[in-house]
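Summary of structural features
Listed below are the residues making up each chain.
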Amino acid sequence: MLYREAGDYKTSYTADSQTFPIAFDRYRYWVVLAVSFLVIPFFITDYLVNALFMPFLIYAIAAIGLNILTGYAGQVSLGTGGFMAVGAYACYKLMTAFPDVNILIHVVLAGGITALVGTAFGLPSLRIKGFYLAVATLAAQFFLVWLFNKVAWFYNYSASGQISAPERMVFGVAVTGPNTPAWASYLVCLVFVTISALIARNLTRGALGRQWMATRDMDIAAEIIGVNPLKAKLTAFAVSSFFVGISGALFFAVYLGAVEVGEVFGINKSFLVLFMIIIGGLGSIFGAFAGAAFLVTLPVFLKLIGVDLFGWPTDLVAHLQLVIVGFLIMFFLVKEPHGLAQLWRLAKEKLRLWPFPH
Amino acid sequence: MTLKTLTTLALSGVLVAGTAAADLVIPDLSYRTGPYAAGGTPFSDGYQDYFNLLNARDGGIGGETVRIVECETGYNTEKGVECYEATKSEGALIYQPLSTGITYQLIPKTTADEIPIHTMGYGRTSAANGEVFPWVFNYPANYWDAASVMVNYLLEENGGSLDGKTIALVYHNSAYGKEPIRTLEALSAEHGFEFTQIAVDHPGQEQKSQWLQIRRERPDFVLMWGWGVMNQVAVQEASNINFPMENFIGNWWAGAEHDVTPAGAGANGYKSLNMNRIDADLPVFADITSMVHDAGNAAGDGSNIGSVLYTRGMYAAMLAAEAIAKAQEIHGVADVTPAMVRDGMEALEITNARMEELGMAQIGPEFSVSCENHGGSGLGIVQQWDASAGNWVALTDYIAPQDAVIDGLIAEDSGAFAAENNITPGCL
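Residues numbered from 1 in each chain as written. Chains lettered and ligands numbered in written order. Predicted model: local features only at pLDDT ≥ 70, side-chain atom pairs only at ≥ 80, totals over all residues.

**Regarding the overall build of chain B**
Tallying secondary structure elements over chain B gives 15 helices and 13 strands in all. The C-alpha radius of gyration computed for chain B amounts to 21 Å, which stays within 12% of the reference 22 Å derived for 428 residues, consistent with globular compactness. Expressed as lengths along the three principal axes of its C-alpha atoms, the size of chain B is roughly 65 × 55 × 50 Å. Residues classed as buried in chain B amount to 57% of the 428 residues present. Put simply, 70% of the contacts in chain B that link residues at least 6 apart link residues at least 24 apart. (Helix = DSSP H or I, 4+ residues; strand = E, 2+ residues; numbered from the N terminus. Rg over C-alpha atoms; globule rule 2.2 N^0.38 Å. Buried ≥ 20, exposed ≤ 12 C-beta atoms within 10 Å, placed from the backbone. Contact = placed C-beta atoms within 7 Å.)

And the structure:
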């Protein structure tokens, strides 16, 4: 009844090709944005921001990045953790080398540096694909972590090998360091997520996105109809790494504040982000958000329920968490192999017809 | 929808629990899962059991009951941050995360939130300078003390000279493992031994190439900064290449029963440091058994009592309880705040008489804390594993570190931190 195209007349090509063709979706989109920007910052606490919102937002950016590469362009990557580390270390080096430059610029620059590194590691994708490419990116993961551990220049020769974010201000409010108010770190991440999602959504709808998808579906056919595989694959690596780099920079500077590369950006991180896009839905921007939300918030909810509500021993809850999350992943993938995004799509299809069955 | 309802329930549960608190809240950021659980479990058991003993025997500390809030970190920094934020709002008095990585996260956060953090024999060594790190304490000893104690022990064993010897450091490739490198480099320059570094990546299950290198280079002594599963693997590998075990010394986090038992007889003669004595006959253990375990309040399964890390966890709890008692004495109130506990920690004095009174005679060295020195005395003992008897034998009395070298390094590193973060050193 509410959710339908009928009566929503499009009178221009721009209106016809917009992201949300259904009026209800457009209003929902603006409501979500308004709530996230205008309501949540007033109610957010240190706990909510550190345990739920910041990890969710930052992983969402990483998942958007990986989704462009794997979901849209069909290039499997296991190097996400390594590329996040590039973003984090680039941000750290820029922050300490140019303390007077705005941190937000550093984060974007860190994304740019990661894009360059990502493109370099994307070169093998021109020759190899599938599992073989996954192994090549796995090498990038291990190489990058080893590099940041080995070369002391990257961590400014600190005794512990850790990098820690000094305090930086935006409009007179601290956004990195321990004195950051909860709403400030939340808003910084939210701004980056919103812009990243907008860019990613529009890139994937345009010519570039179509080239990526053509390459994904059948690279030889794509080449025959005139898609340049070199350009398509390398742009996918560059754009993807750009977002992953931004998420790594935020992960280090805004979220954790101090990072040790082997522990934070290890192979587990690559798998986690990969699981996010698989569960969320490959080739969907919404899927990146859904996957990140699922894998970030579910363990925290399970912990709150198990430990605080039922008072179970913490180790039991930690083990149960693994079991339940693992089971839910299997359940969702069996029930809906195309991820949460597909469930969402089906729900919308049903809503369009509701209350009529056909 | 169900998930949402449940979450709302859970969240409101947290809020209710938070407001009902009028007792002493001690968070226990433990890890009973993951590759480091073997060490985290007994430590946490000892830590909790001691506070439960105080509740059962003395009615808490100064008449206030202690409420322990346990939170599982899995030795993972992200979960550590979540645990910190979750427990901080409940009025946490003192943090002991038992993880150098999480400590580095928490140092700036606890300083901003004004909650003391006690990193006993781990964490950031230069935090011993209390003028730069007013909220961080690492008494009774730190990593650089440990490195120096090891070298002093080897000096004594080798007739006062290590000239021309080679010492290899097998370390966990993290902030934890990298801590002693600077000290060992300074000591190698001073005593003329050759120093090589061999890194082991997290979690340390794969060490074949490292021990192959040791087999090839044949260093005279191997020191180890290991934790969790890495220790067991290292001891096993050392025994596989027939490395003389008496020349293999672990630090105090690489010297518990579970580190050596998997290697069986091969581990015989392996040495490690310890910052506290092991004595399963201490009267306090009898109290814990009768008043906590028999009452069904044991943390964990109660099987770890008296072991190396259980004893250390209990020792950590005792130091925290003494600091809280001291804070109550200084400020004249029983329901202390984190800031008061910090004052208590800074005025803490542990004497042999007091330790005996607490039923744990000689468990640690005597030391006192001051505003300038948050690091304690830095003493350590060397113990050796007797595989046939299945226990650790203390070889030495407390050995003192070379304070002249370490104090210089601490001043240098904390000075750099103060400059980087615009801190003017001074007492609170």
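**Section: the overall build of chain A**
Helix and strand counts for chain A stand at 15 helices and 4 strands. In terms of C-alpha radius of gyration, chain A reaches 21 Å, essentially the compact-globule figure of 21 Å for 358 residues. Out of the 358 residues belonging to chain A, those deemed buried represent 48%. Nonlocal contacts in chain A, meaning residues at least 24 apart in sequence, comprise 75% of its contacts between residues at least 6 apart.

**Observations regarding the sheet that holds strand 12 (residues 381-386) of chain B**
Residues and elements named next belong to chain B. Taking strand neighbours across the sheet as the criterion, the 7 strands line up as 6-5-7-8-9-12-13 in an open arrangement whose pairing is mixed. Looking at the sheet topology across the chains shown, the edges are occupied by strand 6 (194-200) and strand 13 (391-394). Sheet twist, expressed as the average angle between the axes of neighbouring strands with direction ignored, equals 30°. Pairing of strand 5 (residues 166-172) with strand 7 (residues 221-225), which is carried by 5 bridges, proceeds in the parallel orientation. Residue pairing in the sheet places isoleucine 167 in a bridge with phenylalanine 221 of strand 7. Against the sheet, helix 5 (residues 143-157) touches strand 7, strand 8 (248-250), strand 9 (271-274) and strand 12, its axis set at about 130° to strand 9. Across the sheet, helix 7 (residues 181-191) lies against strand 5 and strand 6, angled at about 165° from strand 6, the strand it touches most. (Pairing = 2+ DSSP bridges. Axes fitted to C-alpha atoms, helices over the stretch in contact; angles between N-to-C directions.)

**Here we look at the interface of chain A and chain B**
It is common to report an interface's size as the accessible area lost on association of the parts. Contacts between the two partners involve 32 residues from chain A, matched on the other side by 41 residues from chain B. At the level of secondary structure, the elements contributing two or more residues to the side of chain A that touches chain B comprise helix 3 (46-72), helix 11 (261-264), helix 13 (285-309) and helix 14 (314-335) of chain A. Per-class residue counts for the side of chain A that touches chain B are 15 nonpolar, 12 polar and 5 charged. (Nonpolar A, V, L, I, M, F, W, Y, C, P; charged D, E, K, R; others polar.)

**A few points about the environment of Gly376(B)**
Residue and element names in this part refer to chain B. Considering the arrangement of structural elements, one finds glycine 376 in the loop between strand 11 (367-368) and strand 12. A residue is classified by how many C-beta atoms lie within 10 Å of it, and glycine 376, with 26 of them, is buried. Along the chain, glycine 376 and asparagine 138 lie 238 residues apart, while their C-alpha atoms are 7.4 Å from each other. Contact partners of glycine 376, with chain neighbours within four places excluded, come to Tyr139, Pro140, Ala141, Phe367 and Val369.

**A short note on the domain arrangement of chain B**
All names here are of chain B. Each assigned domain of chain B is listed here: domain 1 (23-142 + 278-378 + 415-420) and domain 2 (143-277 + 380-407). Taking the mean C-alpha position of each, domain 1 and domain 2 sit 26 Å from one another. Contact with domain 1, which involves 26 residues of that partner, is made by 26 residues of domain 2. Among the secondary structure elements, those contributing two or more residues to the side of domain 1 that touches domain 2 are helix 2 (37-58), helix 4 (100-113) and helix 12 (308-331). (Domains from an automatic or database assignment.)

**Concerning helix 13 (residues 338-346) of chain B**
Residues spaced three or four apart along an α-helix face the same direction, because each turn holds 3.6 residues. Residue and element names in this part refer to chain B. Within helix 13, 7 of the 9 residues are buried, leaving the element largely enclosed by the surrounding structure. Where helix 13 is concerned, the buried positions are Pro338, Met340, Val341, Arg342, Gly344, Met345 and Glu346. Along its buried surface, helix 13 packs onto strand 3 (117-118), strand 4 (136-137) and helix 12.

**What about the confidence of the model for chain B?**
Residue and element names in this part refer to chain B. With 95% of its residues at a pLDDT of 70 or more, chain B has an overall mean of 89. Taken as a whole, residues 1-21 scores under 50 in pLDDT and shows 21 contacts with residues more than four places along the chain or in a different chain. With a pTM of 0.90, the predicted complex shows an ipTM of 0.87. (pLDDT = per-residue confidence, 0-100.)

**Quick notes on the nonpolar core**
Core analysis: the largest hydrophobic core is formed by 237 residues, its most contacted members being Ala63(A), Ala88(A), Cys91(A), Leu250(A) and Phe252(A). A domain-level breakdown of this core finds at least three residues from each of domain 1 (23-142 + 278-378 + 415-420) and domain 2 (143-277 + 380-407) of chain B. (Core = buried A, V, L, I, M, F, W, Y, C linked by C-beta atoms within 7 Å.)

**Some points on the packing of helix 3 of chain A against helix 13 of chain A**
All names here are of chain A. The contact between helix 3 and helix 13 brings their axes to 8 Å, and the two run at 145°. The handedness of the crossing between helix 3 and helix 13 comes out as right-handed. Contact residues: helix 3 offers Ala51, Leu52, Pro55, Phe56, Tyr59, Ala60, Ala63, Ile64 and Asn67, while helix 13 offers Ile285, Gly287, Ala288, Phe289, Gly291, Ala292, Ala293, Val296, Thr297 and Val300. Taken together, the residues of the contact of helix 3 with helix 13 break down into 15 nonpolar, 4 polar and no charged. (Left-handed = near helix turned anticlockwise from the far one by under 90°.)

**Notes on the environment of Trp253(B)**
Topologically, Trp253(B) is positioned in the loop between strand 8 and helix 10 (257-260). A C-alpha to C-alpha distance of 19 Å links Trp253(B) and Ile167(B), two positions 86 residues apart in sequence.

**Brief notes about the pairing of strand 9 of chain B**
Residues and elements named next belong to chain B. The two faces of strand 9 match: Lys271 and Leu273 on one face and Ser272 and Asn274 on the other face are all buried. In the sheet, strand 8 pairs with strand 9 via 2 bridges, with the strands oriented parallel. Looking at strand 9, one finds that glycine 250 is bridged to serine 272.

**Looking at helix 12 (residues 267-280) of chain A**
Residues and elements named next belong to chain A. When the terminal C-alpha atoms of helix 12 are compared, their 20 Å separation across 14 residues agrees well with the 20 Å that a helix rising 1.5 Å per residue should span. Taken as a whole, helix 12 has its buried residues at Lys269, Ser270, Val273, Leu274, Met276, Ile277, Ile278, Ile279 and Gly280. Along its buried surface, helix 12 packs onto helix 3, helix 4 (80-97), helix 6 (131-150), helix 13, helix 14 and helix 15 (339-353). Where helix 12 ends, the next residue or the one after it, glycine 281, has phi of about 130°, a positive value. (Expected span 1.5 Å × (residues − 1).)

**A word on unusual backbone geometry**
Residue and element names in this part refer to chain B. A cis amide bond links tyrosine 139 with the next residue in sequence, proline 140, at an omega value of 5°. Turning to its location among the elements, proline 140 is positioned in the loop between strand 4 and helix 5. Geometrically, the link from histidine 202 to proline 203 is a cis peptide bond, its omega value of -5° lying close to zero. By secondary structure assignment, the location of proline 203 is in the loop between strand 6 and helix 8 (208-217). Unusually for a residue other than glycine, arginine 218 sits at a positive phi of about 45°. Here arginine 218 shows up in the loop between helix 8 and strand 7. According to the C-beta neighbour criterion, arginine 218 is exposed, with 10 such atoms within 10 Å.

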